[in-house]
Amino acid sequence: MNRHIEWAKGFIRFIGLIAALVAFLLVLNWLPGAIDKGGMRPYPGVDDIRKEAAFGSVIVPSYFPEGIKWPPSLVLGQSRPFMAVVMEFDGDGNQRALVISESLSADFEPGHAARFLELRQSVEMDLQGRPAHIETGLCRDGASCSSISWKEGDLHIRLFMRAPTLTLIRLAESMLQ
Amino acid sequence: METIYYFLNSYAGMFITQSVLHSAVAAVMADCSIAAWGITDPVRRQSMRIGVILIPIVAFPIYQIINPERGGLHFRLDVLLDSGGWLLMKLWGHVPVIAFIGLVLGLTVILFLFQELLPVVGHTAGSLMRKGGKGDDGDDESAEIPERYDQAVLMALGEMPGEKPEVVIIDDEDLVVFSSTGRVPAVYVSTGLLDSLDREQLKGAIAHEIAHIRRTRRPVLTFLFVFRVMMFFNPVALFEFRRAVQEEEEICDEEAVRTTGNPAALTSALERFLEGDGHAQTDEGAVARIEDYSQDMLIRTRIKRLAALDAGGPDSSGRMSLLLFVAGTVIVNYFVV
């Protein structure tokens, strides 16, 4: 009996020490953001991110197809090691329906919400004088998705959407400057 | 910095970063377990040290199979610790933190090469060469050793149960005792040691070395070294490997006491080593002095542990504590990227 009590006391001490370790890790995670605000972090909205000098050139579409909810449900931005912004918009079923990523790096990966489960077609096209790349395929839940990417000045822009390609092109055209 | 960003987000980059962080978390968890349950059993403590080296190697690929998006942008928003925040940060706007981390990893690789890998390679090559010219060297050495030393060794060995390895006497006035493993294992004792220790103390010292030889036949220690080699860049693994080796000394002490039934004799033999160290320190460099100091610390810890053994030292831990350490480490590390 005494041995069990000793073990239980040890268990409580162990849980307490793990809680302290978790708290320490959380502080360690918060610290770089407090020291240097250049890392990837969420912003309350598009206007908030545009206020910062690094993100002054962020482009927002002037046309939104029906079923896309405004404002974006998630806005992420980083200014180092290169500028990158991700805006995610929900659709009618509160699913991610549109993901816009804008970055100064061509290889920037905006995350799983903008990834094909299966790529079916990949074509080059002209987007009002700019070379653009269109891909179509299946999203992670099996729905039809398409993406378009092109370069606007120094910015590499990519749109990923649960919608037919024509709607996506119209949305992309509303972002041209 | 852009190249570094993409490397850190690649599979190899994530493995290197996360294995170091996961080892650090596991090391803290191991110490938490040891402190929480007051674990004194060196076998259990060594199991935890092995876990600190092994868990990061095994867990990362499993995490990535379970959740391929684990290193992605969205996952990193809700973790306990995202290393990217630190690694891509520049101190005072100019000095990248990753440069310091790279320096530490580089020094770890150098230490691994010169203090762990090359001595093992040298030892193996030396053993092979000795095997090649065994007849000549062995005959010359034994011819110079007075017979009383052989008698002392035979008397100590005679009272010990089980299989006994060859005992080689080295003509050296310092206190030296060590064992070599491999196909033909042997215990090496110096004439200085044979002059200093009485029969019971010598029995304890030889029994300790025999315990080393017996334990190296177990695959767990070979695996431990293989895991260590796989983590050659990991400073935490370097530290924990040494702690696991220190636990090995205590495990062998316990085995020696089980063989001889006399912890006091082994304790007094160890005390002789502490007394005998002083004369060699005058012409040594700083590094050698630090090594001597850490060696002394280790001997003192072993003496303390033997005293606890003598008094039937308490150990309320069970296998459950090891299981909880592994489970806690695996869960916490899942959220450290």
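Residues numbered from 1 in each chain as written. Chains lettered and ligands numbered in written order. Predicted model: local features only at pLDDT ≥ 70, side-chain atom pairs only at ≥ 80, totals over all residues. Heavy atoms only, no water.

Colleague: What am I meant to see in the overall build of chain B here?
Modeller: Helix and strand counts for chain B come out as 15 helices and five strands. Within chain B, the proportion of its 337 residues that are buried is 46%. Considering only contacts within chain B whose residues lie at least 6 apart along the sequence, 72% involve residues at least 24 apart. For chain B, the exposed area adds up to about 16,700 Å²; of that, 64% sits on carbon and sulfur atoms. (Helix = DSSP H or I, 4+ residues; strand = E, 2+ residues; numbered from the N terminus. Buried < 20%, exposed > 50% of the residue type's maximum accessible area, 1.4 Å probe, protein only. Contact = heavy atoms within 4.5 Å. Areas by Shrake-Rupley, 256 points an atom, 1.4 Å probe, with all protein chains shown as cover.)

Colleague: Just to check I follow, could you spell out the environment of R50 of chain A for this structure?
Modeller: Residue and element names in this part refer to chain A. With respect to the helices, strands and loops of the structure, R50 is situated in helix α2 (residues 46-50). Classification of R50 by relative accessible area gives partly exposed; the value is 37%. For the pair R50 and F160, spaced 110 residues apart in the sequence, the C-alpha separation amounts to 21 Å. In contact with R50, other than residues within four places in its own chain, are F55, G56, V58, I59 and V60.

Colleague: Would you mind showing me how to read the interface of chain B and chain A here?
Modeller: It is common to report an interface's size as the accessible area lost on association of the parts. Taken together, the contact pairs 34 residues of chain B with 39 residues of chain A. Both faces combined, the contact of chain B with chain A buries some 3,100 Å², and carbon together with sulfur accounts for 71% of it. Its largest share of buried area at the contact with chain A, chain B owes to E69, L73 and H74 of chain B, together 20% of the area lost on that side. Summed over the shared surface of chain B and chain A, the result is two salt bridges. In this structure, E69 of chain B engages R115 of chain A in a salt bridge whose closest nitrogen and oxygen atoms are separated by 2.6 Å. In this assembly, chain B and chain A are joined by eleven residue pairs in polar contact (both at pLDDT 80 or more). At the level of secondary structure, the elements contributing two or more residues to the side of chain B that touches chain A comprise α1 (2-8), α2 (11-37), α4 (73-77), α5 (83-87) and α15 (319-334) of chain B. Element by element, the count of residues in the side of chain B that touches chain A is highest for α2 of chain B, at eight residues. Per-class residue counts for the side of chain B that touches chain A are 23 nonpolar, seven polar and four charged. (Buried area = accessible area lost by both parts, 1.4 Å probe. Salt bridge = Lys/Arg side-chain N within 4 Å of Asp/Glu carboxyl O. Polar contact = N/O pair within 3.5 Å; in protein donor to acceptor, adjacent residues only side chain to side chain. Nonpolar A, V, L, I, M, F, W, Y, C, P; charged D, E, K, R; others polar.)

Colleague: It is not clear to me how the domain arrangement of chain A should be interpreted in this structure. Could you clarify?
Modeller: Along its sequence, chain A is organised into domain 1 (1-35) and domain 2 (41-173). The C-alpha centroid of domain 2 of chain A is placed 41 Å from the C-alpha centroid of domain 1 of chain A. (Domains from an automatic or database assignment.)

Colleague: Got a minute to help me understand the layout of surface pockets in this structure?
Modeller: Empty space among the atoms can be located by rolling a probe the size of a water molecule over them. Considered as a void within the structure, the second largest pocket measures approximately 900 Å³ in volume. Along its surface, the second largest pocket is lined by 39 residues, and M40 of chain A together with L73, R76, D82 and G85 of chain B are the ones closest to its centre. Breaking the lining of the second largest pocket down by element, the ones donating at least two residues are α1 (2-35) and β1 (41-43) of chain A together with α1, α2, α4 and α5 of chain B. Looking at side-chain class alone, the lining of the second largest pocket contains 16 nonpolar, 14 polar and nine charged residues. Among the domains, domain 1 (1-35) and domain 2 (41-173) of chain A are the pair contributing at least three residues each to the lining of the second largest pocket. (1 Å grid on protein atoms, 1.4 Å probe; cavity = no way out; pocket = protein on both sides within 12 Å on 5 of 7 lines; lining within 4 Å. Points joined across faces, edges and corners; volume = space filled by probe spheres on them.)

Colleague: What exactly am I supposed to notice about the pattern of salt bridges here?
Modeller: In a structure, side chains of opposite charge can pair up when their charged atoms sit close to one another. In this structure the tally under the stated criterion is 27 salt bridges over all chains. In this structure, R130 of chain A and E152 of chain A form a salt bridge, with 2.9 Å as the shortest nitrogen-oxygen distance. Here R130 of chain A, found in strand β6 (residues 130-138), pairs with E152 of chain A, found in strand β7 (residues 144-152); they are 22 residues apart in sequence, far enough to count as distant. The two residues R130 of chain A and E152 of chain A agree in class, both being buried. Linking R243 of chain B and E240 of chain B is a salt bridge whose minimum nitrogen-to-oxygen distance equals 3.0 Å. Taken together, the positions of R243 of chain B and E240 of chain B, both in helix α12 (residues 235-260) and three residues apart, correspond to about one turn of that helix. Pair check on accessibility: R243 of chain B and E240 of chain B agree, each one buried. Taken together, the salt bridges that share partners define one network made up of D31, R45, R49, E240, R243, E247 and E250 of chain B.

Colleague: Looking at this model, I keep getting lost on the environment of S105 of chain A. Mind explaining?
Modeller: Relative to the helices and strands, S105 of chain A is located in the loop between β4 (96-103) and β5 (118-127). Residue classification places S105 of chain A among the buried positions, given a relative accessible area of 1%. When near neighbours in sequence (up to four residues on either side) are disregarded, S105 of chain A contacts F82 and H156 of chain A together with E2 and Y6 of chain B. Polar contacts involving the side chain of S105 of chain A include one to the side chain of Y6 of chain B, which spans 2.5 Å.

Colleague: Looking at this structure, how should I read the packing of aromatic side chains?
Modeller: Centre distance and the angle of the planes are the two values used to describe a pair of aromatic rings. Counted according to the given criterion, the structure contains 23 aromatic pairs over all chains. Between the aromatic rings of W7 of chain A and W37 of chain B, the centroid separation amounts to 5.6 Å while the plane-to-plane angle is 35 degrees, which identifies the pairing as tilted. Placement of W7 of chain A in helix α1 and of W37 of chain B in helix α2 is noted, with the two residues assigned to different chains. For W7 of chain A, a relative accessible area of 22% gives the class partly exposed. (Phe/Tyr/Trp six-rings, centres within 6.5 Å; stacked < 30°, edge-to-face > 60°.)

Colleague: Even after reading the chapter, I still don't get the state of the cysteines, so can you show me in this structure?
Modeller: Put plainly, two cysteines are in a disulfide when a covalent bond ties their sulfur atoms together. Residue and element names in this part refer to chain A. Applying the stated criterion across every chain, the model contains one disulfide over all chains. A sulfur-sulfur separation of 1.3 Å characterises the disulfide bridge that pairs C139 with C145. Linking C139 and C145, the disulfide has an S-S dihedral of approximately -40 degrees and is accordingly described as left-handed. Each of the two residues, C139 as well as C145, counts as buried. (Disulfide = S-S within 2.5 Å.)

Colleague: Please clarify how the sheet that holds β1 of chain A should be interpreted in this entry.
Modeller: Paired through backbone hydrogen bonds, the strands of a sheet run either parallel or antiparallel to each other. All names here are of chain A. One open sheet holds the eight strands; their spatial order is β1-β2-β3-β4-β8-β7-β6-β5, and the pairing between them is antiparallel. Among the strands making up the open sheet, the edge pair consists of β1 and β5. Within the sheet, the average angular offset between the axes of one strand and its neighbour, ignoring direction, is 20 degrees. As paired elements, β1 and strand β2 (residues 74-78) share three bridges and run antiparallel to each other. Residue pairing across strands places P42 opposite L76, the latter belonging to β2. (Pairing = 2+ DSSP bridges. Axes fitted to C-alpha atoms, helices over the stretch in contact; angles between N-to-C directions.)

Colleague: Any chance you could explain the sheet that holds strand β4 (residues 177-180) of chain B here in plain terms?
Modeller: Residue and element names in this part refer to chain B. Strand order in the open sheet formed by three strands is β3-β5-β4, and the pairing between neighbours is mixed. Bordering the open sheet on either side are β3 (166-170) and β4, each of which pairs with just one other strand. Between one strand axis and the next, the sheet turns through 25 degrees on average, direction left out of account. In this sheet, strand β5 (residues 186-190) lies alongside β3 in parallel orientation, the contact comprising five bridges. Bridge pairing in β5 places V167 opposite V187. Lying over the sheet, helix α8 (residues 147-158) contacts β3 and β5, oriented at roughly 150 degrees with respect to β3. Lying over the sheet, helix α10 (residues 199-216) contacts β4 and β5, oriented at roughly 25 degrees with respect to β4.

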